[in-house]
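For reference, the chains in residue letters:
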Amino acid sequence: MLQTDIAIVGAGPGGAGAALKLHSLGIPCVLIDQAVFPRDKICGDAISGKAATLLNRLDPEFMDRFRESTDRQTGVWGIQFSAPNGTMVDIPFKFPYDKEQEPAPGFVSRRMDFDHLLIEKVLRSDSISFQQGIRIDRYERIPEGWLISDETGNFQVRARLLLVADGANSQFSRKHAGLEKDLRHHAGAVRAYFKNVHPPHPEQFIELHFIKEVNPGYFWIFPLPNGYANVGLGLRSDYIKKRKVNLREAFLQIVKEHPILAQRFAGATMESRLEGYGLPLGSRLRPISGDGYMLLGDAGHLIDPLTGEGIGNAMYSGFIAAEQAQKCLEKGDFSAGFLKDYDKRVARVLGSEMKLSYQLQRMLRYPWLTNLLARWITRHRWLIELISRMYTDMELRKQLVNPMFWVKLVIKLLR
Ligand SMILES: Cc1cc2nc3c(=O)[nH]c(=O)nc-3n(C[C@H](O)[C@H](O)[C@H](O)COP(=O)(O)OP(=O)(O)OC[C@H]3O[C@@H](n4cnc5c(N)ncnc54)[C@H](O)[C@@H]3O)c2cc1C
């Protein structure tokens, strides 16, 4: 049996991020994953500036090496949105930007590669005991904390504090923390790898296409190295159920028949299976800690309800959980009351953007409104600049939840 202060279940960006942060704080932990790495994770593979900033803070050299590995990642400088009526809007992450002089704000990197890079760093960190190929099936509350084990009971870990980062289908989150799936705050998505989608975006922006038939979901094309792209389709689960949408069929129909997009796939080849997975969205505030545990990333339903971004949020929650764990160890307090600070900090960091993303997600239910917004943006350069600044200016972003901001904006647009 292994004995530790902190056990982390799941070594995706949430769990690995927490373990690496604990290592930087000088706190040992046991990190367990059912998979043997490198392993894949069904994802769009877009890595936001948020994840890049955290990794840079943790280890600037790691980020430098990642940036240099151009066979494993494509630097991303902005997003192209296309409205249901086909209006295209390019919004750079920085305005203006200089590809030659500055590092890319975001990336696309296959999770097979990106997660493995994190795990390679985990393996170089002597205070992390990494146990891979072990599936945790049992969680037992004991006076000292938790006793967790695999199905056979041959593998056991006794820990004072549990960090649960086992992803969207987290058994602990459902059974022990009581976080049920709520279809209005959950999405389904499918993705496949393609080669030679033509033409690629000239600036290698990631592309989000809002298509009437799958509104308010979107179809994406994210560029990868060597002519590959991650292509997918996602939609909120209540719409999938209500409209009886078969995401796989809808995806293939877009690729084969969509009036604009199908031409871009005419010479492309699908290089993987089309696979689907769930996205627990952070649009509903839920408790993400309890007596002796914290929920990280997808296990805590922390995916952005508009963009589907979960990698950066999982890493953020992992870093915050590690800092909270440090406080717990210092005070010897692992109670639900003390761990509530974790919920508060996660809400402080991610709460306002979740709220805003949820508002925007609901606005995009109306194709006419999406079309109107796209038309306004294409006509007003200052609006592109404003949205672009919002990627990095948190104070500006917070104004978006203020109705007066919108009133002033509409008055300016109508002038
Ligand atoms: C189709 C799709 C597209 C997406 N696109 C994007 C995108 O482009 N950008 C973005 O930022 N986010 C995207 N997301 C969301 C993103 O994939 C997740 O938010 C992110 O992976 C969450 O990280 P995590 O560490 O919480 O969980 P995961 O990455 O799911 O890691 C969980 C880990 O736990 C392990 N595990 C599970 N159960 C057990 C067990 N019982 N015992 C031991 N180990 C266990 C798993 O093997 C896994 O390694 C997408 C999601 C989907 C489904």
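Residues numbered from 1 in each chain as written. Predicted model: local features only at pLDDT ≥ 70, side-chain atom pairs only at ≥ 80, totals over all residues. Heavy atoms only, no water.

A word on the layout of surface pockets
In this model, the second largest pocket occupies a volume close to 360 Å³. Taken together, 20 residues form the lining of the second largest pocket, with Ile211, Lys212, Glu213, Ile254 and His258 sitting closest to its centre. By residue class, the composition of the lining of the second largest pocket is 12 nonpolar, 5 polar and 3 charged. (1 Å grid on protein atoms, 1.4 Å probe; cavity = no way out; pocket = protein on both sides within 12 Å on 5 of 7 lines; lining within 4 Å. Points joined across faces, edges and corners; volume = space filled by probe spheres on them. Nonpolar A, V, L, I, M, F, W, Y, C, P; charged D, E, K, R; others polar.)

Quick notes on the pairing of strand β13 (residues 206–209)
Burial along β13 is two-sided: Ile206 and Leu208 and Glu207 and His209, pointing in opposite directions, are all buried. Sheet analysis places strand β5 (residues 78–82) next to β13, joined by 4 bridges and oriented parallel. In the sheet register, Ile79 faces β13, and the bridge partner there is Ile206. Bridge count between β13 and strand β14 (residues 218–223): 3 bridges; the pairing is antiparallel. Looking across to β14, one finds that His209 is bridged to Phe219. (Buried < 20%, exposed > 50% of the residue type's maximum accessible area, 1.4 Å probe, protein only. Helix = DSSP H or I, 4+ residues; strand = E, 2+ residues; numbered from the N terminus. Pairing = 2+ DSSP bridges.)

Thoughts on the site of the ligand
In the vicinity of the ligand lie 36 residues, with Asp33, Gly44, Ala46, Arg111 and Asp298 positioned nearest. Contact between the ligand and Ile136: a nitrogen atom at 3.0 Å from a main-chain N or O atom of the residue. Out of a free accessible area of 1000 Å², the ligand has 94% covered by protein chains. Among the elements of the structure, α1 (13–24), β14, β17 (275–280) and α9 (311–331) are those that each provide at least two residues to the shell around the ligand. (Near = heavy atom within 4 Å. Polar contact = N/O pair within 3.5 Å; in protein donor to acceptor, adjacent residues only side chain to side chain. Areas by Shrake-Rupley, 256 points an atom, 1.4 Å probe, with all protein chains shown as cover.)

Quick look at unusual backbone geometry
Going from Phe37 to Pro38, the amide bond is cis rather than trans, its omega being 5°. Looking at where Pro38 falls in the secondary structure, it is placed in the loop between β2 (29–33) and β3 (46–47). For the bond from His198 to Pro199, the omega torsion is -5°, close enough to zero to count as cis. Within the secondary structure, Pro199 is located in the loop between β12 (186–195) and β13. Within the chain, Asp45 stands out as a residue other than glycine whose phi angle is a positive 70°. Even without a glycine there, the phi angle at Asn226 is positive, about 60°. Mapped onto the elements, Asn226 comes out in the loop between β14 and β15 (228–236). The exposure class of Asn226 is exposed, given its relative accessible area of 57%.

Considerations on the nonpolar core
Ranked by internal contacts, the top residues of the largest apolar core, which has 77 residues, are Ile148 and Leu162. When residues in this core are grouped by element, the largest group, 9 residues, is from α9. Setting aside residues no more than four positions away along its own chain, Ile148 makes contact with Ala7, Val9, Ile32, Ile136, Arg138, Tyr139, Phe155, Gln156, Val157 and Leu162. Judged by nonpolar contacts, the second largest core, of 24 residues, contains Ala229, Tyr239, Val245 and Ala268. (Core = buried A, V, L, I, M, F, W, Y, C linked by side-chain atoms within 4.5 Å. Contact = heavy atoms within 4.5 Å.)

Details of the packing of aromatic side chains
The full count for this structure, using the stated rule, is 18 aromatic pairs. Ring centres of Tyr218 and Trp220 lie 6.2 Å apart, and the angle between their planes is 65°; this geometry places the pair in the edge-to-face category. Under the relative-accessibility criterion, Tyr218 is labelled buried at 9%. An aromatic cluster is defined as three or more aromatic residues linked by ring pairs; in this entry it consists of Phe81, Phe210, Tyr218, Trp220 and Phe222. (Phe/Tyr/Trp six-rings, centres within 6.5 Å; stacked < 30°, edge-to-face > 60°.)

Re helix α3 (residues 60–68)
Among all positions of α3, only Phe62, Met63 and Phe66 are buried. All buried residues of α3 fall inside an arc of 95° around its axis, so they share one side. Counted as exposed and oriented over 90 degrees from the buried face of α3: Glu61 and Glu68. (Arc of directions from axis to C-beta.)

Side note on the pattern of salt bridges
In this structure the tally under the stated criterion is 23 salt bridges. A salt bridge links Asp40 to Arg191, with the shortest nitrogen-to-oxygen separation between them at 2.9 Å. One end of the pair, Asp40, is in the loop between β2 and β3; the other, Arg191, is in strand β12, and 151 residues separate them in sequence. When the shortest N-O distance is used, the salt bridge between Glu144 and Arg158 registers 3.4 Å. Pair noted here: Glu144 is in the loop between β9 (138–142) and β10 (145–149) and Arg158 is in strand β11 (residues 156–164), with a separation of 14 residues, a long-range link. Given the relative accessible area of 41%, Glu144 is considered partly exposed. Via salt bridges that share partners, Asp40, Arg191, Arg273 and Glu275 belong to a single interconnected network. (Salt bridge = Lys/Arg side-chain N within 4 Å of Asp/Glu carboxyl O.)

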